[in-house]
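The lines below spell out each chain.
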Amino acid sequence: MKSESLSSSLQHASALLEALTEPVFAVDGQWRLVYINRQAAAELGAAPLELLGQQLWDCLPQGLDPALAAVYRQVMQTRQARQFGLYSPVRGRRVEVHAFPYGDGIAVHTRDLPSGAVWETARGDVAELFELRSTLEQRVAARTAELVRRNEELAAETAALQAFASFTELTGRETSLDVLTQAAVSVLHRALGEGSTGYYAQEGDLWKQRVWAGDMEPGTVTAAETGFAADLPLFAWPATSGEALFVDEWRSSGHLLAAYTPEYGAVAIYPVMVQGQTVGQLAAGLREKTCWSERDRAVFRAVGRALSLAAERADLTRALSLQKEELAARNAVLEAFAELGRGLSLHTGPLQLVRCAQELILGLLPSGYVVYAEPEEGRWRFRVQVGDLGSAELQAAVDAGLPFEETRNLLAPWQTGQPFYQDNYDTHTDELETITAHVATTAALPVLVDGVPRGVLAVALFERRPWTQTDRVFLETVVRSLGLALERAAGARALAEKQLQLEQVNRDLEAFASSVSHDLRAPVRHIASFAGLLRPLIVDEPRARRYLDIIEQSAGRMNTLIESMLTLSRLGSGELQKTDVALAELVDEVQAELASEAEGRRIEWRVGDLPVVRGDATLLRQVIHNLLGNAVKYSRPRETAVIEVWAEAAEHEQQIHVRDNGVGFDPECAGRLFEVFKRLHSPEEFEGHGVGLASVQRIVTRHGGRVWAAGRPGEGATFTFTLPV
């Protein structure tokens, strides 16, 4: 029956009792009036509400018949109804009294003495009404208690849901695992409503309780915070399986810890996992219950799952934050070294680079110093120091050099090639106990140049602090960049020295060529001059004239070679006078110059679009002249010579091609074409001295370009050179 129907029925029964014209009242087991109608109250001279809750014996008139009181007590004790007649002083006549059990007390109905039948009916009706009223009161009380209990449960459930909602919201923004675990333990305890909850983290071979909530015995708290062995099945199974463990009937479960925690009736463990690894365990113990209900299991799993997801997110956030910090540290170092590199010159020494790196490190770390040492003759010699060592005795020892083997802070990175970090500097490391007590934290990193240790950079801080991952990335990036800078500086110096050597060699070669040419020019003139003087004297000597012709031809060839050698030597010196050069105009000019050599021949010129390039106009004109001249010369055997000139744009350069359908050449000999005085044909076949293509290569190279050739015997040749865009 619903509570509304019960209440209505109870009101109806009470109304029937109120409608009686005879006095009726009821008391509980302590003789307190729990019901009295108006008639009974009127006989007692008071209103019903004034009498309720008072002792019956205090309300009855003085001189109450002892026999009547005895009957009331008998009914209370025996729980058996009694009816009897007696004289009522209030009414002045005899009345009938019916006393019967009611609840844990009795009810009394008094009326004028009726006839037997009428009395029995009335008496039965009143008893039934009181019985009905008692039954209804009990049911209403039970229903009311049930509603109170349900309301309390609903309030607790609502509070738990609100707490879980707050926890869920917290997991979306909080990244601290300590805050998350504290919140999870609290919300789980509120949701379960009894016992205690806790969070365990592993330290070595122990699971130790970090936070807890609820009702825990002091001894249990101490044991949990001291730690439980990791191989206990209660912790080992969830940690390895990744599944929640529920233990009903904990006291008799057989678990090793059950005997030490008899206050719990049921226990559960949930593994908190991050990237597949158990990082903690959520625990709960129920005191009153001995079995886990489906509802409580679902709540426990929900909180554990939410904590795992939050821990995973927090770990990812920390990893991303750390990566961001590491990236920022790397960028800061790279930017600093880029700025440093812009200010370097070829004269910047290695120790200057080391000092720049030291200043960069010390500028981003707490108070301390940075030193750089290199081994020399069994001792560590400190080449560069930035910052005060904080001790005159330590400074004196460093200035004198430290023993190579005993200074393990430097020896370890030198031998392993790996950084050596000490969050808490051990003064015994370097056998300097008495003078390094003020040093708190150290790091020593090998400086590698071309993969070989060159020295060790050591950082010492006066403030104790752990080296974070970001610190390590920063230091290792600085030292790695320093090594690369030293490599580049060494390479730049070597290149500069090589350049100086080459320039000196070129100057020597030019001087030699000029000297040789000058020294040869006079004898050749003499040979040609005396040959001319001899010619009139041997008019009648045919053989002598033939010899004289050979001498004059050889002298002329020698003079041409001397001029070519001088021209080639001059191509390697002097400043390039770069301007915008229209290659199409150069080709037109060279074509006009070659017209005399092409006289009487059929030559088909195919000239494509040619670009405007940046270069020395005079030298580029010589390149075009030599290539087109070769094409005209080596296509002489063809009835119709075809010479093509075109350009192609490539990445960062222009490619210019000159192709002919002449005699070509053996591809295996392509490399010899650009060597000085190297020719693939005899002077009788084609005139020349082997200087033209060598000049082309030298000019193109000075412009930053390349030159090559392709061809086959009888199929012509293609020469290509490039110029930067």
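Relevant structure appears above.
Before going into details, it helps to say that this report is about the structure given with it. Just so you know, these numbers come straight off a predicted model, no measurement behind them.

## A closer look at the overall build of the protein
The helix and strand inventory of the protein stands at 18 helices and 24 strands. Evaluated residue by residue, the protein yields a buried proportion of 41% over its 725 residues. Counted over contacts in the protein with a minimum sequence separation of 6, partners at least 24 positions apart contribute 58%.

## A word on the packing of helix α17 (residues 617-634) against helix α18 (residues 692-702)
The geometry of α17 relative to α18 is characterised by a closest axis approach of 9 Å and an angle of 145° between their N-to-C directions. Classified by chirality, the crossing of α18 by α17 is left-handed. Contact residues: Leu619, Gln622, Val623, Asn626, Leu627 and Asn630 in α17; Gly692, Leu693, Ser695, Val696, Ile699 and Val700 in α18.

## A few points about the pattern of salt bridges
Enumeration according to the criterion identifies 18 salt bridges in this entry. As a salt-bridge pair, Arg32 and Asp28 come within 3.1 Å of each other at their nearest N and O atoms. Given the relative accessible area of 35%, Arg32 is considered partly exposed. The partner of Arg606 in a salt bridge is Glu604, and the shortest N-O contact between them spans 2.8 Å. By relative accessible area, which is 40% here, Arg606 ends up partly exposed. Among the charged side chains, a network of salt bridges with common partners joins Glu203, Lys208 and Arg210.

## Digging into the environment of Leu180
Within the fold, Leu180 resides in helix α7 (residues 177-192). With a relative accessible area of 0%, Leu180 lands in the buried category. With 134 residues separating them along the chain, Leu180 and Ala314 place their C-alpha atoms 9.3 Å apart.

## Overview of the side chain of Asn37
Position of Asn37 relative to the elements: it lies in the loop between β2 (33-36) and α2 (38-43). A polar contact of 2.9 Å, which involves the side chain of Asn37, links it to the backbone oxygen of Glu22. Beyond its immediate chain neighbours, meaning those up to four positions away, Asn37 contacts Leu17, Glu18, Leu20, Glu22, Pro23, Val24 and Pro48.

## Side note on helix α8 (residues 218-226)
The periodicity of an α-helix, 3.6 residues per turn, causes residues three or four places apart in sequence to face the same way. By the burial criterion, the buried members of α8 are Thr220, Val221 and Ala224. All buried residues of α8 fall inside an arc of 100° around its axis, so they share one side. Along α8, exposed side chains directed more than 90 degrees from the buried face belong to Pro218 and Gly219. Where the residues of α8 are buried, they touch β6 (196-203), β7 (206-214) and β8 (228-229). Once α8 ends, the next one or two residues include Gly227, with phi positive near 115°.

## A few points about the side chain of Thr407
Tracing the backbone shows Thr407 in the loop between β14 (402-403) and α13 (408-416). Setting aside chain neighbours within four positions, we find Thr407 in contact with Trp380, Leu402, Thr429 and Asp430.

## Some points on the environment of Gly198
The topology assignment puts Gly198 in strand β6. Spatially, the C-alpha atoms of Gly198 and Gln209 are 6.5 Å apart, while their sequence positions differ by 11 residues. In contact with Gly198, other than residues within four places in its own chain, are Val185, Gln209, Val211, Trp212, Gln281, Leu282 and Ala283.

## A few points about the nonpolar core
Counting residues in hydrophobic clusters, the biggest one holds 37 residues, and the most contacted among them are Leu627, Leu628, Phe719 and Phe721. Counting residues per element, this core draws most heavily on α17, at eight residues. Among the nonpolar cores identified, the runner-up in size contains 29 residues, and Tyr199, Trp292, Val299 and Ala311 belong to it.

## Focus on the sheet that holds strand β4 (residues 93-102)
Strand order in this open sheet of five strands is β2-β1-β5-β4-β3, and the pairing throughout is antiparallel. Each end of this open sheet is capped by a strand with a single partner; those strands are β2 and β3 (82-88). On average, adjacent strands in this sheet sit at an angle of 20° to one another, irrespective of strand direction.

## What to know about the pairing of β7
Regular strands place side chains that alternate from one sheet face to the opposite one. The pairing of β6 with β7 spans eight bridges and is antiparallel. Directly across from Ala201, in β7, lies its bridge partner Lys208. The turn linking β6 back onto β7 is made up of two residues, and Gly204 within it adopts a positive phi angle of 65°. Inspection of the sheet shows β7 paired to β8 by two bridges, in the antiparallel sense. By the bridge assignment, Trp207 is partnered in β8 with Phe228.

## Comments concerning helix α16 (residues 583-593)
Regarding α16, the residues found buried are Leu583, Leu586, Val587 and Val590. Viewed end-on, α16 has its buried residues packed into an arc of 100°, placing them on one side of the element. Turned more than 90 degrees off the buried face of α16, the exposed positions are Glu585 and Ala592. Packing partners of the buried residues in α16 comprise β18 (578-582), β19 (602-607), β20 (612-616), α17, β21 (640-650) and β22 (653-660).

Here is what the cut-offs are and how they apply
- Residues numbered from 1 in each chain as written.
- Predicted model: local features only at pLDDT ≥ 70, side-chain atom pairs only at ≥ 80, totals over all residues.
- Heavy atoms only, no water.
- Helix = DSSP H or I, 4+ residues; strand = E, 2+ residues; numbered from the N terminus.
- Buried < 20%, exposed > 50% of the residue type's maximum accessible area, 1.4 Å probe, protein only.
- Contact = heavy atoms within 4.5 Å.
- Axes fitted to C-alpha atoms, helices over the stretch in contact; angles between N-to-C directions.
- Left-handed = near helix turned anticlockwise from the far one by under 90°.
- Salt bridge = Lys/Arg side-chain N within 4 Å of Asp/Glu carboxyl O.
- Polar contact = N/O pair within 3.5 Å; in protein donor to acceptor, adjacent residues only side chain to side chain.
- Arc of directions from axis to C-beta.
- Core = buried A, V, L, I, M, F, W, Y, C linked by side-chain atoms within 4.5 Å.
- Pairing = 2+ DSSP bridges.

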